[in-house]
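Inside the fold
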Amino acid sequence: DLMDSIIREFSNMIIRLLEQYDVAFWLRSLVGDGILAGVGSVLSFLPVIVILFFFLSMLEDSGYMARVAFVMDKALRKIGLSGRSFVPMLIGFGCSVPAIMATRTLSSDRDRKMTIILTPFMSCSAKLPIYGMIIAAFFPHKAAIVMISIYCIGILVAIISALLLKNTIFIGEPVPFVLELPAYRIPTLKNVYLNVLDKAKDFIHKAFTIIFMASIVIWFLQSFSFTFDFVTDSSQSILAAIGSFVSPIFAPLGFNDWRASTALMTGITAKESVVSTLTVLTQSSSTAALNQALIGIFTPLSSFTFLVFTVLYMPCVAAFAATKRELRSWPQAILTVMFQTGMAYLVAFVIYQLGQLLL
């Protein structure tokens, strides 16, 4: 909340300066409704990202990660993986890109490919702003339960997928587990600080590059019609036309609003873009305004299925590039993405339809 209020005050100051110097309306709209709203909405979640990586760094620096792999070996063998696969999956809770790259340590080609397919089902830190946005709007008094359930759904889908793959495409046994366990040590503040700082810099860099560019593109598409006339009603824009064309696909999942489908499409560039897109499209100047706007787009049930789809569908383009690089095959990389998105659609569909029957 403190970070959000600082960003809001800074944004208001910039907008007042632009008005003071009588800057053209379209430019004020680009800076205020596009860049500041898009980048600012993502940056407001920086404290959450820092806290997550602080605790992950503590675990890593203590020498506990290797022991987790050893302890998990027996459980993972039941679903067709070795204990070594647990470390990339754990890294996947931070970011899918290094997690996919970490599969290089797996000696078996079978284990490596299975782990690459399953790792993106873990909730990476880029998805945290989306969870925060939806939970704040619909589940403020049940935040912990909803957050934990989303993480658990990702893990459960990974287990089901592993069993499915084990008995179809990747028939066989994982390789024997051999690992030298390092000694336990007390985490050093310097290592933890440098690790957290590196991850925070990466997050900020992404906000001012990918999210910055995405916000400009989204603003342009939602501010102009196909005749390139400036529109005040975003429902008449190019983006609305594209989103409306895609939105019926998501109707069985509970969200048929063009803004929701557009956010999912831009989420392919970077998952944080889902938040910045919805902020720009709803023209929300604060978290409270965004919460109110989201209530008009989703119901509590459909917002939950939106979260489920978000956690499971194909990761960002950077993760896709890492998948292609590790698999060394375009067809295999595309099939991997199709499998992940297909599972996301199926699980979200089942949850929404069951939810409607029960609720």
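Reading guide: rules and limits
- Counting starts from 1 at the beginning of each chain's written sequence and moves along it residue by residue.
- The model is predicted, so local features are restricted to residues of pLDDT at least 70 and side-chain atom pairs to those at 80 or more, both for listing and for counting; the totals for chains, interfaces and linings are taken over all residues.
- Only heavy atoms go into the side-chain values, all of them from the structure, while hydrogens and water stay out.
- The criterion for a disulfide is a pair of cysteine sulfur atoms lying within 2.5 Å.
- Secondary structure elements are taken from DSSP: a helix is a run of H or I of four residues or more, a strand is a run of E of two residues or more, and numbering for both begins at the N terminus.
- What makes two residues a contact is simply this: any of their non-hydrogen atoms within 4.5 Å.
- Like-charged residues are merged into a patch within 9 Å and nonpolar side chains (Val, Leu, Ile, Met, Phe, Trp, Tyr) within 5 Å, provided each residue has over 30% relative accessible area and no salt bridge.
- For every accessible area listed, the method is Shrake-Rupley and the probe measures 1.4 Å; residues are considered covered only by the protein chains on display.
- What counts as a salt bridge is simple: a side-chain nitrogen of Lys or Arg found within 4 Å of a carboxyl oxygen of Asp or Glu.
- Every residue gets a pLDDT, meaning the predictor's confidence in that residue, from 0 to 100.
- Here a pair means two rings of Phe, Tyr or Trp (six-membered ring of Trp) with centres within 6.5 Å. Their orientation is stacked below 30 degrees between planes, edge-to-face above 60, and tilted elsewhere.
- Each residue's exposure class comes from its accessible area (1.4 Å probe, protein chains only) as a fraction of the maximum for that residue type: buried when under 20%, exposed when over 50%, partly exposed otherwise.
- Two conditions define a charge sitting above a ring: the NZ of Lys or the CZ of Arg must be within 6 Å of the ring centre, and it must be within 35 degrees of the ring normal.

Let us look at the state of the cysteines. Taken as a whole and judged by the stated rule, the model has zero disulfides. You can see Cys124 has no disulfide; the closest cysteine sulfur is in Cys95, sitting 6.2 Å from it. The thiol of Cys316 is not disulfide-bonded; the next cysteine sulfur, from Cys95, is found 6.3 Å away.

Relative to the assigned elements, Arg112 resides in helix α7 (residues 109-118). In this structure Arg112 touches Thr103, Arg104, Leu106, Glu326 and Arg328, once residues within four positions along its chain are discounted.

On to a nonpolar patch on the surface. On the surface, a nonpolar cluster with roughly 780 Å² of combined accessible area is contributed by Leu346, Phe349, Val350, Leu354, Leu357, Leu358 and Leu359. Tracing the chain through its elements places Leu346 in helix α18 (residues 330-358).

A word on the confidence of the model for the chain. Looking at the chain as a whole, the pLDDT averages 87, with 99% of positions reaching at least 70. Averaged pLDDT values over the elements of the chain bottom out at 81 in helix α4 (residues 64-77) and peak at 94 in helix α16 (residues 300-312).

Note on aromatic pairs: each is described by the distance of the centres and the angle between the planes. Evaluation of the coordinates by the stated rule reveals 18 aromatic pairs. Consider the rings of Trp219 and Phe224, whose centres lie 6.0 Å apart with planes at 85°: the pair is edge-to-face. No difference in accessibility class separates Trp219 from Phe224, as the two residues are buried. For the pair Phe255 and Phe298, a centre-to-centre distance of 6.1 Å together with 70° between the ring planes defines the contact as edge-to-face. Taken together, the positions of Phe255 in the loop between α12 (238-246) and α13 (258-266) and Phe298 in the loop between α15 (287-297) and α16 put the pair 43 residues apart, joining distant regions of the chain. Taken as a pair, Phe255 and Phe298 share a single burial class, namely buried. The structure contains a cluster of three or more aromatic residues connected by ring pairs, namely Phe138, Phe139, Phe250, Phe255, Phe298, Phe306, Phe309 and Tyr313. One residue, Arg67, lies across the ring of Tyr184, its end atom 4.0 Å from the ring centre.

All of the buried residues in α12 are Ile238, Leu239, Ala240, Gly243 and Val246. Those residues of α12 that are buried are in contact with α11 (210-223), α13 and α14 (273-281).

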